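Reading the structure
One-letter residues, chain by chain:
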Amino acid sequence: MRFKTSLLKEPKHILFCVGWTTADELYSCSEDHQILKWNLLTNETVVVVKLQDDIYPIDLHWFPKTVGGKKQAAAEIFALTSTDGKFHLVSKMGRIEKSVEAHRGAVLAGRWNYDGTALITAGEDGQIKIWSKSGMLRSTLAQQGTHCTFNCFTPHNVRITCHFLNSLRYMTLQTEQYWKAHDGIILKVDWNSMNDLILSGGEDCKYKVWDSYGRLLYSSSSNDYPITSVAWAPDGEVFAMGSFNTLRLCDKTGWSYALEKPNTGSVFSLAWSADGTQLAGACGNGQVIFAHIVEQRWEWRNFEVTLTKRRAMQVRNVLNDAVDILDFRDRVIKASLAHGHLVVATSLQCSVYSTKNWNTPLIFDLREGTVSLILQAERHFLLVDGGGIYVYSYEGRLVSTPKFPGMRTDILNAQSVSLSNDTIAIRDKTDEKVVCLFDAQTGKAFGDGKPLTHKMEVMEIALDQCGPSSDRKIALIDKNRDLYLTSVRRLGREHSMHKIGTMVHTMAWNDSANILCGIQDNQFAVWYYPSAVCVDKDLLPKTLFTKDGSEFSRTPHILNYVGTQVTVRRADGSLVYSSVSSYPTLLHEYTGSARWEDALRLCRFAKVHLLSVCAWNRVDKVQYINFIKELPSKESSLAHMLLFSGHVQEAEATLLQAGLIYQAIQIHINLYNWDRALELAVKHKTHVDTVLAHRQRFLQDFGKKETNKRFLQYSEGVIFLFLILLFYIVFLILLILKESEQSSET
């Protein structure tokens, strides 16, 4: 992946800021008081307006064009900050609609929030202020003795990343972090809503990546010149860095994809187009540098797809070196290759190719156009754009459009959304402990609509890809980097969260079997049958394979797990491929198709200890499973399977609902839950003597005496009833003997 750059020779003016109106139109401002419009389709540049001589522009930011897929009425204006302490609301035609006295000294930065309801400014006076859309002051957030600038974002609460000299400050309405970031003065800072990461560049010639807690994730080596500009791409996957005669494309983890050396002087400002396909930079030599990404690659099994031009892709089959060229009417925005299909989203259309036939794609028009995420499953794929979430079949049919209150599609990424054949999982950004679960076919929430709620903030989610919908599982990594597994279907009870790993940095499900891999601390771990924890947690360690993960270095990321190969991206950007045994995948295939003899033969041959067939070395469990198989009723079998999985209350409820009172009492006797067994017997007025007899035998085996008051009370009552019964029996015997004597005398 690299930048392909271009420079328009004329006109030249000393640039300070640039901003995109559309993906093909750019506005720029400079100290010569001119606002220029650059058209990339015609390569024309025109002067929009010449400002007053006392207005020296510093920064501009366009009003948000769409919110939730709906166009804004006031989208044709932008905020322009200047050295005279004012910000100006300027129309697209260049007319100043309003000027507002904002700061003492220059207004160094101005940013609209997500929906355009507020504007935030920062000035040389060290103050950060929030203004209404009409220019009324709402509040002053910060007051420092030194000048500051920032990048801000406000979905529901204010989040501001600002810098004062060599320190960064991250603020919300609830929390605030402040830390020293650079050895020199910080020149630029940017924050991305998708990945919640902060990017900074300074006079110490370094650029750095931070998380929102102030932890350093990446620090570059010292460059030749100060870092004068940094900018995240809208999807948060890459960022651009500008310096003197330098333009660099970097991954979100910090490593560099490509380095360009244009003859532009210092790049003072960088701006990405809304679809993330193009970049513009304000250069010190008076020119605007334009760049777009090429040579982006996607891989799946034996296919490799490369973006060669804005509107062209090359497909190569590595098995026979066959090459196909795919041409598109519009520029490519997003693409995904998986499950035998290539899905390509352009600015206006979506094209779906089958890996069996690259000549006849299925094409349909997009609703919003700016696709920010594509996810694929075996039967369908998911598109996310500014208007919503859409699930399509590979035939181009719209399947569903899941929604929930407060959904923000512009901040969804691959870590917060997951797709399987029957389920969609979405982490709620307003409460990151909540994961909303939807039926992929209808778009409706499962069950009563109650979402999955974890005890901590969820960082990443992933649905397994195989098996029936009733067995669907979701894995999640929380803020503590603990890995949990739970069932998607609740079956009338709360989600039971099972912890299966700690210090897990990244994870991925296999595409053809429900096998989960992850990097756990410094080890590469594979859970061959993670669902074992839902049945018997003691069996989970027997399904876990681990090996040393030092080859993956620090902070690796698993890209995919296809077949028997796991692809891992290391911190330095290099790819590492790790092979996993094929036996577990075969075993899943055999058990899924009820080929038990083949599965058992495979286990004996390969000595694979998986849950599906490893019970042969756990005699107690085998005996209990055989006992369940011989039970006469479905209710009894279901209850004992729940009991086998550790769900005692559900097993009891199943038996009681079926009227099997004695069996419900017996399971508590077998588990030595004496109080509950007696409570059920008394409540249903049956088998009280049975419970007392088992209790007495239990105490005799251990040489103990009864001390439980309830059992003593009911034991006395049973003894009294026994004496009455014994007296009645004796009385009957005497009566019978007397009658027999009388009959013999007669």
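The rules we used
Residues numbered from 1 in each chain as written. Predicted model: local features only at pLDDT ≥ 70, side-chain atom pairs only at ≥ 80, totals over all residues. Heavy atoms only, no water. Pairing = 2+ DSSP bridges. Helix = DSSP H or I, 4+ residues; strand = E, 2+ residues; numbered from the N terminus. Axes fitted to C-alpha atoms, helices over the stretch in contact; angles between N-to-C directions. Phe/Tyr/Trp six-rings, centres within 6.5 Å; stacked < 30°, edge-to-face > 60°. Lys NZ or Arg CZ within 6 Å of the ring centre and 35° of its normal. Contact = heavy atoms within 4.5 Å. Buried < 20%, exposed > 50% of the residue type's maximum accessible area, 1.4 Å probe, protein only. Polar contact = N/O pair within 3.5 Å; in protein donor to acceptor, adjacent residues only side chain to side chain. Core = buried A, V, L, I, M, F, W, Y, C linked by side-chain atoms within 4.5 Å. Patch = residues over 30% accessible without salt bridge, like charges linked within 9 Å, V, L, I, M, F, W, Y side chains within 5 Å. Areas by Shrake-Rupley, 256 points an atom, 1.4 Å probe, with all protein chains shown as cover. Salt bridge = Lys/Arg side-chain N within 4 Å of Asp/Glu carboxyl O. Parallel < 35°, antiparallel > 145°, perpendicular 65-115°, else oblique. Left-handed = near helix turned anticlockwise from the far one by under 90°. Nonpolar A, V, L, I, M, F, W, Y, C, P; charged D, E, K, R; others polar. Expected span 1.5 Å × (residues − 1). Arc of directions from axis to C-beta. pLDDT = per-residue confidence, 0-100.

**Let's talk about the sheet that holds strand S54 (residues 544-548)**
Within the open sheet, the 4 strands sit side by side as S51-S52-S53-S54. Their pairing is antiparallel. Strands with a single pairing partner mark the edges of an open sheet, and in this sheet they are strand S51 (504-509) and S54. On average, each strand axis in the sheet is inclined to that of its neighbour by 20 degrees, with strand direction left out of account. Pairing of strand S53 (residues 523-527) with S54, which is carried by 5 bridges, proceeds in the antiparallel orientation. Paired with Gln523 across the bridge in S54 is Asp548.

**Remarks on the packing of aromatic side chains**
Enumeration according to the criterion identifies 27 aromatic pairs in this entry. Relative to Tyr394, the ring of Phe381 lies with its centre 5.5 Å away and its plane at 40 degrees, an arrangement referred to as tilted. On the criterion of sequence distance, the pair formed by Phe381 in strand S40 (residues 380-385) and Tyr394 in the loop between strand S41 (388-393) and strand S42 (398-400) is long-range, its members being 13 residues apart. Through a chain of ring-to-ring contacts, three or more aromatic side chains come together here, namely Tyr207, Tyr218, Trp232 and Phe239. One Lys or Arg, Arg408, reaches over the ring of Tyr114 and ends 3.4 Å from the middle of that ring. Looking at Arg695, its charged tip hangs above the ring of Phe711, at a distance of 4.7 Å from the centre.

**Considerations on the environment of Gly284**
When you line up the elements, Gly284 lands in the loop between strand S29 (278-283) and strand S30 (288-294). Taking C-alpha positions, Gly284 is 9.9 Å from Asn263, a pair spaced 21 residues apart along the chain. With residues up to four places along the chain from it excluded, the contact list for Gly284 reads Ile14, Thr264, Gly265, Ser266 and Phe268.

**Some words on the side chain of Glu706**
With respect to the helices, strands and loops of the structure, Glu706 is situated in the loop between helix H10 (688-701) and helix H11 (709-745). Looking at Glu706, the relative accessible area reads 18%, which means it is buried. Looking at Glu706, its side chain comes within polar contact range of the side chain of Arg695, at 3.0 Å.

**As for the nonpolar core**
If you look at the biggest cluster of nonpolar residues, it comprises 19 residues, and the most contacted ones within it are Ala651, Ile665, Ile669, Val691 and Phe711. Mapped by element, the contributors of at least two residues to this core are helix H6 (634-644), helix H7 (648-657), helix H8 (661-670), helix H9 (674-683) and H10.

**Section: the sheet that holds strand S25 (residues 238-243)**
Pairing is antiparallel in the open sheet, where 4 strands are placed in the order S24-S25-S26-S27. The sheet is open, and its two borders are formed by strand S24 (229-232) and strand S27 (256-260), each paired with just one other strand. Within the sheet, the average angular offset between the axes of one strand and its neighbour, ignoring direction, is 15 degrees. Of the strand pairs in this sheet, strand S26 (residues 246-251) and S27 are connected by 4 bridges, and their pairing is antiparallel.

**Thoughts on a nonpolar patch on the surface**
Together, Leu726, Phe727, Tyr728, Ile729, Val730, Phe731, Leu732, Ile733, Leu734, Leu735, Ile736 and Leu737 make up a nonpolar patch on the protein surface, roughly 1100 Å² of accessible area in all. With respect to the element layout, Leu726 can be found in helix H11.

**Here we look at the packing of H8 against H10**
Closest axis-to-axis distance for the H8/H10 pair is 11 Å, and the angle between their directions is 15 degrees. With respect to H10, the element H8 is oriented roughly parallel. Here the hand of the crossing between H8 and H10 comes out right-handed. Where H8 abuts H10, its residues Tyr662, Ile665, Gln666 and Ile669 lie against Thr690, Val691 and His694. Each residue belonging to the contact of H8 with H10 can be placed in one class, and the counts come to 4 nonpolar, 3 polar and no charged.

**Points about H10**
Between its first and last C-alpha atoms H10 spans 20 Å; for 14 residues at 1.5 Å apiece the expected length is 20 Å, and the two agree. Along H10, the residues that are buried comprise Val688, Val691, Leu692, Arg695 and Leu699. Down the axis of H10, the sector holding all buried residues measures 95 degrees, keeping them to one side. When the buried face of H10 is taken as reference, the exposed residues oriented beyond 90 degrees from it are Arg697, Gln700 and Asp701. Just past H10, the residue Gly703 takes up positive phi, approximately 65 degrees.

**Here's the deal with the packing of H7 against H8**
Packing of H7 against H8 brings their axes to within 8 Å, and their N-to-C directions diverge by 160 degrees. With respect to H8, the element H7 is oriented roughly antiparallel. For the pair H7 and H8, the sense of crossing is left-handed. When H7 is examined against H8, the residues Val648, Ala651, Glu652, Leu655 and Leu656 are found in contact with a partner set consisting of Ile661, Gln663, Ala664, Ile667 and His668. In terms of residue class, the contact of H7 with H8 is made up of 7 nonpolar, 2 polar and 1 charged.

**Things to note about the confidence of the model for the chain**
Overall, the predicted model of the chain reaches an average pLDDT of 86, with 90% of residues at or above 70. Overall, residues 153-157 carries pLDDT values under 50, and its contacts beyond four positions in sequence, including any with other chains, amount to 17 contacts. Below pLDDT 50 for its whole length, residues 610-617 participates in 21 contacts with residues either more than four positions away or in separate chains.

**Considerations on the pairing of strand S45 (residues 434-439)**
Here S45 lies mainly inside the structure; 5 of its 6 residues are buried. With 5 bridges joining them, strand S44 (residues 423-427) and S45 adopt antiparallel strand pairing. The residue of S45 that forms the bridge with Ile426 is Cys436. Both S45 and strand S46 (residues 452-453) contribute to a ladder of 2 bridges, which runs antiparallel. From the neighbouring strand, Val435 faces S46, where its bridge partner is Leu452.

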